[in-house]
Amino acid sequence: MPSTSPVKVLDKSGQEIVSVGFDRFGFNSEVPIDALRSLYLRSHYVVTSTSDKVDGDSLDPDAEEQQHAKFTKGLSAYQSKSIFYPEDNSISYTTLARFPPVKLLAPSQRKRVLVTGGAGFVGSHLVDRLMLLGHDVTVLDNFFTGSRTTVSHWVGHPNFELVRHDVVEPFMIECDQIYHLACPASPPHYQFNPVKTVKTSFMGTLNMLGLAKRTKARFLISSTSEVYGDPEVHPQPEDYWGHVNPIGDRACYDEGKRVAETLTYGYQRQDGVDVRVARIFNTYGPRMNPYDGRVVSNFIVQALKGEDLTVYGDGTQTRSFQYIHDLIDGLICLMNSDESRPVNIGNGDEFTIGEFAELVREIVEKVQSEAGDRPSRRVQIIYKTLPNDDPQKRRPDTSRAKESLKWQPRWTVRMGLEEMVSILAQSQKVLSLTFYVRIGTVITGCR
Ligand code: NAD
Ligand code: UDP
Ligand code: UDP
């Protein structure tokens, strides 16, 4: 089945990716990639009001609409459209007339799923998948780093509920599965209020485990590669205990996640709670908050704005980046498997940050050139101070995920980046200030 999308993505073995997910462990998580794209690429489509001129270019709303219809094929009927008025920087929102089709599941197959942090980057992609699959989804979020607009396309759907709640406070609900994702994840965000980050990791996880104990729901926590700290073992297998500074700038997050794992296994041993622990490595994709300070969003936004790319330190530190769909596949597989040990979920393609800056610059240049855009100068790579305790290297050993879950990443880093950058450019006509504003709306869903 060929993809209907203008974006063609090949997996690591050169096969076109037309769907994500698997039918595994009695849980089918497969959905067409185009159905997902219609949700995150233009979930809230914005056209510019007729009277506008941007950088001297008149925007033609009819042409924009036609381009949109072509881009989304039959899926535009399920999307809302809003009008942006640059002259007074205002926006007129519409609401959805119809929701995208979701699977009709037999009651025995339909899960009641709680997703904490479901309005964030990872959470909103998980919610899209679970909703399309026909499950009942409740999102719990305090909107600290997430936004209502990342899931607004589901608000009002009979299978969906959005609750503003801080997980530090107890919460009662009946459910079958809990994906506990609530926690700021970008270093500037989690260091903004370190005490709150520790409270969220400890008290939030305690409450969600108490809820899992009471309801007998299966509990999955999104832990992190940061539990390995600045690792002395490379790549990092799950049985490596880590090398973490317990009082440094990153400790609120690293130690928070470590104690959250401790609590999780405490509840498993003491109370028989059915637990899953995902150690997630650096993940990127659409709906990342472009201002959250993580390296992928920073570099893409800088390059598109024509600003220099800021590499921290000398750029020799490494990271391994996975695309969001691989992560969601891994999380769903883990949740529905029998594997209760921690499992690394990440992509083994390792880059120095210096190399990564060059890759992002090259991809943005390619996309700009295909769009006929000629930036007045080439963006440079500049060097800034390395933050304290920045891990020197990071790469997952994913043998356990491969053996236990039969999961391995399908997206190359380049494919993911090309999709992320090229779709933004294809869906916008002008690489300009308005385009940049819209990047925000596309990535974050109009935050
Ligand atoms: P994000 O900041 O986009 O999402 C986190 C969500 O949690 C946001 O919607 C935020 O508002 C919500 N939240 C934060 N504190 C809360 C609280 N006290 N109560 C209720 N909601 C709260 O980050 P993300 O990248 O989507 O990360 C999601 C999870 O995955 C986090 O637990 C993070 O530690 C983990 N993780 C992510 C990555 C990655 O690369 N994205 C890597 C490792 C681990
Ligand atoms: N908790 C919750 N929702 C529930 C059940 C428990 O938020 O449905 C909270 C509860 O308020 C407590 C925490 O989870 O703060 C741990 O619960 P547990 O039953 O393990 O501990 P206890 O209440 O006995 O201290
Ligand atoms: N980084 C960078 N420039 C930026 C943002 C981050 O060089 O504009 C570096 C950062 O110092 C780290 C790596 O990129 O070495 C990954 O940073 P990120 O904040 O994305 O994630 P983490 O450090 O938590 O892996």
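None of the values given here were measured: they were computed from a predicted structure. (Residues numbered from 1 in each chain as written. Chains lettered and ligands numbered in written order. Predicted model: local features only at pLDDT ≥ 70, side-chain atom pairs only at ≥ 80, totals over all residues. Heavy atoms only, no water.)

Taking 1.5 Å as the rise per residue, helix α3 (residues 121-132) with twelve residues should run 16 Å; its terminal C-alpha atoms sit 17 Å apart, in good agreement. Among the twelve residues in α3, twelve count as buried, and that is most of the element. The complete set of buried residues in α3 reads Phe121, Val122, Gly123, Ser124, His125, Leu126, Val127, Asp128, Arg129, Leu130, Met131 and Leu132. Gly134 sits one or two residues past α3 and shows a positive phi near 100°. (Helix = DSSP H or I, 4+ residues; strand = E, 2+ residues; numbered from the N terminus. Expected span 1.5 Å × (residues − 1). Buried < 20%, exposed > 50% of the residue type's maximum accessible area, 1.4 Å probe, protein only.)

A few words on a nonpolar patch on the surface. Residues Val198, Phe202, Met203, Leu206 and Val259 make up a contiguous nonpolar surface patch of roughly 330 Å² in combined accessible area. Considering each element in turn, the nonpolar patch owes the most residues, four residues, to helix α5 (residues 194-215). In this structure, Val198 sits in helix α5. (Patch = residues over 30% accessible without salt bridge, like charges linked within 9 Å, V, L, I, M, F, W, Y side chains within 5 Å. Areas by Shrake-Rupley, 256 points an atom, 1.4 Å probe, with all protein chains shown as cover. Salt bridge = Lys/Arg side-chain N within 4 Å of Asp/Glu carboxyl O.)

What follows is about the pattern of salt bridges. Per the stated rule, a full pass over the model turns up 27 salt bridges. Across the salt bridge formed by Glu339 and Arg341, the nearest N and O atoms sit 2.9 Å from each other. You can call Glu339 buried: its relative accessible area is 9%. One salt bridge connects Glu418 with Lys366, and the closest N-O pair in it is separated by 3.2 Å. Separated by 52 residues along the polypeptide, Glu418 in helix α11 (residues 413-426) and Lys366 in helix α9 (residues 353-370) bring together distant segments of the chain. Lys366 sits in the partly exposed class, given a relative accessible area of 36%. Among the ionic contacts, a cluster of salt bridges with common partners joins Glu226, Arg250, Arg319, Asp390 and Arg394.

Before going further, it helps to spend a moment on the site of ligand 2. As a matter of local geometry, ligand 2 sits amid Pro170, Phe171, Met172, Leu206, Asn207, Gly210, Leu211, Lys213, Arg214 and Tyr267. The contact in question runs from an oxygen atom of ligand 2 to an N or O atom on the side chain of Tyr267, over 2.6 Å. Starting from 510 Å² of accessible surface for ligand 2 in isolation, the protein chains cover 61%. Among the elements that make up the shell around ligand 2, the one with the highest residue count is α5 (six residues). Grouping the constituent residues of the shell around ligand 2 by class yields six nonpolar, two polar and two charged. (Near = heavy atom within 4 Å. Polar contact = N/O pair within 3.5 Å; in protein donor to acceptor, adjacent residues only side chain to side chain. Nonpolar A, V, L, I, M, F, W, Y, C, P; charged D, E, K, R; others polar.)

To continue, consider the site of ligand 3. With respect to spatial proximity, 18 residues lie near ligand 3, and among them Thr310, Tyr312, Arg319, Asp390 and Arg394 are the closest. Note that a nitrogen atom of ligand 3 is positioned 2.6 Å from one of the backbone N or O atoms of Thr310. Within the side chain of Gln317, an N or O atom sits 3.0 Å from an oxygen atom of ligand 3. Here ligand 3 loses 95% of its free accessible area of 520 Å² to cover by the protein chains. Secondary-structure elements contributing two or more residues to the shell around ligand 3 are α7 (295-305) and β17 (309-312). The residue makeup of the shell around ligand 3, split by class, is seven nonpolar, five polar and six charged.

Among the secondary structure elements, Val102 is positioned in the loop between β9 (90-92) and β10 (112-116). Residues Val102 and Met131 lie 29 residues apart in sequence; the distance between their C-alpha atoms is 6.5 Å. Other than its neighbours up to four places away in sequence, Val102 contacts Met131, Leu132, Gly134, Trp154, His157 and Asn159. (Contact = heavy atoms within 4.5 Å.)

Time to look at the side chain of Glu339. Mapped onto the secondary structure, Glu339 falls in the loop between α8 (324-336) and β20 (342-345). In terms of polar contacts, Glu339 uses its side chain to reach the side chain of Arg341, at 2.9 Å. Among the polar contacts listed, one links the side chain of Glu339 to the side chain of Ser404, at a separation of 2.6 Å. With sequence-adjacent residues up to four places away left out, Glu339 is seen in contact with Val275, Arg276, Leu334, Arg400, Ser404 and Leu405.

Further remarks concern the sheet that holds strand β11 (residues 136-141). Strands sit in the order β12-β11-β10-β13-β14-β15-β20 across an open sheet of seven strands; the sheet is parallel. The two strands at the open ends of the sheet, each matched to only one other strand, are β12 (160-164) and β20. Each neighbouring strand pair of the sheet contributes to a mean axis angle of 20°, computed without reference to strand direction. Pairing between β10 and strand β13 (residues 177-180): four bridges, direction parallel. Residue pairing for β13: Thr116 is matched across the bridge by His180. Contacts from α3 reach β10, β11, β12 and β13, with the element oriented near 170° to β10. Against the sheet, helix α6 (residues 251-271) contacts β14 (218-224), β15 (275-280) and β20, and its axis sits at roughly 155° relative to β14. (Pairing = 2+ DSSP bridges. Axes fitted to C-alpha atoms, helices over the stretch in contact; angles between N-to-C directions.)

A full pass over the atoms with the stated rule returns nine aromatic pairs. The interplanar angle of 45° and the centroid separation of 4.7 Å between the aromatic rings of Tyr323 and Trp411 together place this pair among those described as tilted. Remark: Trp411 occurs in the loop between α10 (399-405) and α11 and Tyr323 occurs in strand β19 (residues 322-323); sequence separation between them is 88 residues. Accessibility classification places Tyr323 together with Trp411 in one group, the buried group. (Phe/Tyr/Trp six-rings, centres within 6.5 Å; stacked < 30°, edge-to-face > 60°.)

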